[in-house]
Amino acid sequence: MSSIDNQKIFEQYYQAEYDFNTTALKEEDIDGIKELVKEKRVNYALAPIGEKIFEWIAEQNADIHFELVDLDSDKIDGMLYIPRSGLDKAYIILNTKKPLINQIFAAAHEYYHYIKDYAQIKETPYICNFNALENVNEKRASRFAAEFLLPEEALRNEIKTFRKRINRTEQSKLTFEDYAAISILLTVKYQMPLKAVMYRLYEENYINNIEEYIDNYNFIKDILKEVKIFKRPVEHLYSNKNHHFDVNSLIYRQMKNAYTSGLVSREEVMQDGEMLNLDMSMIFDFFDDIKEDDEEEDDTDLIDTIREAWGNEK
């Protein structure tokens, strides 16, 4: 970490593991959050954002800076740090001991604190200390992060698609196993924590007994990690490597953008990579990613794979 070096700050002020249960929020709170999400997601519509959140936040405001901090505790997700009075800067601190999927949620969570709380506190030296999970403002931030990463309409469309794939009518009730499968699919597609996905289903009234899913959380998560078709994206999301702030990875992202935009050919990218003595495995990786994105997904195969794994374990 380059800009902030006081380890005591992070030991005293932090955002502990997030409370995804925001059902205690008032209706006006939820309505306000949904409107804010629509406003902020205008350029993304309903498309998954996932790990693009880091670049998106940086594009929204040049005064927001990210810091990756290797904290002693793996119980800390992140925090919003405002250095001193009168300085129009804020730091979103992410704990590198947490997996990337947690860092994605933490970034969205702390961004809410920035856009909603910063104006009130920038005149006073302040570190956002929201480690008390019963704090209503903390629940607002968690609800914003969940809605931002998986909006209500996107969730509704995903449920409809799932029903069609398994030949269920609107009137037929989806089972516990069905919603477990949906949770796994959405965790991978929208790159948000499995538990947060479960609570999104609960918040939008698709499931009633959230305790049943939380009681089986570890079991469902184990299946998520065992499904072979998801092996690569799941390993990526549950590693603690975040290359989005690695200066050395910038050139790879630029080369990928140039290729996907049609500015250069695959052969030219390969030649440039060899000439610059770059890690060719990273270049092959982004070609593989592009190929996977271009291929039409067979959701039926994904669903069958998940449900088969579930049935074998039950």
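That block above? That's the structure.
On a predicted model such as this, the values are computed, not experimentally measured, just so you know.

(A) A look at the overall build of the protein chain. In terms of regular secondary structure, the protein chain is built from 15 helices and five strands. Out of the 314 residues in the protein chain, the part that is buried amounts to 46%. For the protein chain, the exposed surface amounts to about 16400 Å²; the carbon and sulfur share of it is 45%.

(B) Expanded view of the packing of aromatic side chains. Under the criterion given, the structure shown has eight aromatic pairs. Here the aromatic rings of Tyr112 and Phe144 are separated by 5.5 Å at their centres, their planes lie at 40 degrees, and the arrangement is tilted. You can see Tyr112 sitting in helix α4 (residues 100-121) and its partner Phe144 sitting in helix α5 (residues 136-149), a full 32 residues away along the chain. In this structure, Tyr112 and Phe144 share a single accessibility class: buried. Residues Tyr199 and Tyr202 carry aromatic rings whose centres are separated by 6.4 Å and whose planes lie at 70 degrees to one another, so their mutual orientation is edge-to-face. Here Tyr199 pairs with Tyr202, and both are found in helix α8 (residues 194-203), just three residues apart, close to one helical turn. Tyr199 sits in the buried class, given a relative accessible area of 12%. On the accessibility criterion, Tyr202 (24% relative accessible area) is partly exposed.

(C) Layout of unusual backbone geometry. Non-glycine residue Ala45 carries a positive phi angle of around 55 degrees. Considering the arrangement of structural elements, one finds Ala45 in the loop between α2 (27-40) and α3 (53-60). Positioned with a positive phi, Asn205 is a non-glycine residue whose angle comes to about 65 degrees. On the basis of relative accessibility, which here comes to 63%, the residue Asn205 falls in the exposed class.

(D) Spatial organisation of the packing of helix α7 (residues 176-190) against helix α10 (residues 217-226). Running from N to C, α7 and α10 cross one another at 55 degrees; their axes reach a closest spacing of 10 Å. With respect to α10, the element α7 is oriented oblique. α7 and α10 meet at a crossing whose hand is right-handed. Residues Phe176, Ala180, Ile184, Thr187 and Val188 of α7 pack against Ile220, Ile223 and Leu224 of α10.

(E) Structural view of the side chain of Arg41. The residue Arg41 is located in the loop between α2 and α3 in this model. No salt bridge is formed by the buried Arg41; the nearest opposite charge belongs to Glu147, separated by 9.0 Å. A polar atom in the side chain of Arg41 sits 2.4 Å from the backbone oxygen of Ala47. Beyond its immediate chain neighbours, meaning those up to four positions away, Arg41 contacts Leu46, Ala47, Pro48, Ile49, Phe148, Leu149 and Pro151.

(F) Inspection of the nonpolar core at higher detail. Ranked by size, the top nonpolar core spans 74 residues in total, and within it Ile53, Ile57 and Ile220 carry the most contacts. Ranked by the residues each element gives to this core, the list is headed by α4, at 11 residues. Non-local contacts of Ile53, meaning those with residues more than four positions away in its chain, are made with Ile104, Ala107, Ala108 and Phe148.

(G) Up close: helix α6 (residues 152-165). The terminal C-alpha atoms of α6, which comprises 14 residues, lie 20 Å apart, in line with the 20 Å expected from a rise of 1.5 Å per residue. Inspection of α6 places Ala154, Leu155, Glu158, Ile159, Phe162 and Arg163 among the buried residues, and these make up the whole buried set. Directly after α6, the chain includes Asn167, whose backbone phi takes a positive value near 60 degrees.

Here is what the cut-offs are and how they apply
- Residues numbered from 1 in each chain as written.
- Predicted model: local features only at pLDDT ≥ 70, side-chain atom pairs only at ≥ 80, totals over all residues.
- Heavy atoms only, no water.
- Helix = DSSP H or I, 4+ residues; strand = E, 2+ residues; numbered from the N terminus.
- Buried < 20%, exposed > 50% of the residue type's maximum accessible area, 1.4 Å probe, protein only.
- Areas by Shrake-Rupley, 256 points an atom, 1.4 Å probe, with all protein chains shown as cover.
- Phe/Tyr/Trp six-rings, centres within 6.5 Å; stacked < 30°, edge-to-face > 60°.
- Axes fitted to C-alpha atoms, helices over the stretch in contact; angles between N-to-C directions.
- Parallel < 35°, antiparallel > 145°, perpendicular 65-115°, else oblique.
- Left-handed = near helix turned anticlockwise from the far one by under 90°.
- Contact = heavy atoms within 4.5 Å.
- Lys, Arg positive; Asp, Glu negative; His and termini not counted.
- Salt bridge = Lys/Arg side-chain N within 4 Å of Asp/Glu carboxyl O.
- Polar contact = N/O pair within 3.5 Å; in protein donor to acceptor, adjacent residues only side chain to side chain.
- Core = buried A, V, L, I, M, F, W, Y, C linked by side-chain atoms within 4.5 Å.
- Expected span 1.5 Å × (residues − 1).

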